[in-house]
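Analysis of the macromolecular model
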Amino acid sequence: MSVAKLTEAERDDALIQLDGWTLGRDGAAIERTFKFANFVEAFGFMTSVAILAEKQDHHPEWFNVYNRVEITLTTHDADGLSQRDIKLAKAIEELL
Ligand SMILES: C[C@H](O)[C@H](O)[C@H]1CNC2=NC(N)=NC(=O)C2=N1
């Protein structure tokens, strides 16, 4: 299903609303690294994010080692950033 890619202006405006996310992949993704007290805390966070992702039908690209979780959000259907990425990023922030 096609979904609209954000314009540069929309992208920059969205980043201002988010906390701690940076642009990646030449502007095609947003990235943030999360650090937790230990692995169990990190994995619990990932479980919560997984449930959010399923609810939104929008899934992260992520990496975890011990207490660190690196999340990259991009919209494969848009071959870049879309409102779906911003929406999921905001929902992830509410978990913290
Ligand atoms: C059919 C398609 O796989 C679904 O619409 C969803 C699943 N999760 C997804 N996640 C992400 N990050 N990008 C997508 O384009 C996407 N598409």
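See the structure above.
So, how was this worked out
Residues numbered from 1 in each chain as written. Predicted model: local features only at pLDDT ≥ 70, side-chain atom pairs only at ≥ 80, totals over all residues. Heavy atoms only, no water. Pairing = 2+ DSSP bridges. Helix = DSSP H or I, 4+ residues; strand = E, 2+ residues; numbered from the N terminus. Axes fitted to C-alpha atoms, helices over the stretch in contact; angles between N-to-C directions. Expected span 1.5 Å × (residues − 1). Buried < 20%, exposed > 50% of the residue type's maximum accessible area, 1.4 Å probe, protein only. Arc of directions from axis to C-beta.

Attention shifts here to the sheet that holds strand E1 (residues 22–24). Sheet architecture is open: 4 strands sit in the order E1-E2-E4-E3, paired in antiparallel fashion. Both edges of this open sheet fall to E1 and strand E3 (61–65), since each of them pairs with a single strand only. Ignoring which end each strand starts from, the neighbouring axes of this sheet average 25 degrees apart. The sheet contact formed by strand E2 (residues 29–35) and strand E4 (residues 68–73) spans 6 bridges and is antiparallel. Counterpart to Arg32 in the pairing with E4 is Ile71.

Here we come to helix H2 (residues 39–56). Taking 1.5 Å as the rise per residue, H2 with 18 residues should run 26 Å; its terminal C-alpha atoms sit 25 Å apart, in good agreement. Turning to H2, its buried residues number three or more, namely Ala42, Phe45, Met46, Val49, Leu52, Ala53 and Gln56. Projected down its long axis, H2 carries its buried residues within an arc of 120 degrees, all on one side. Set apart from the buried face of H2 by more than 90 degrees, the exposed residues are Val40, Glu54 and Lys55. Residue Asp57 follows H2 closely and has a positive phi angle near 50 degrees.

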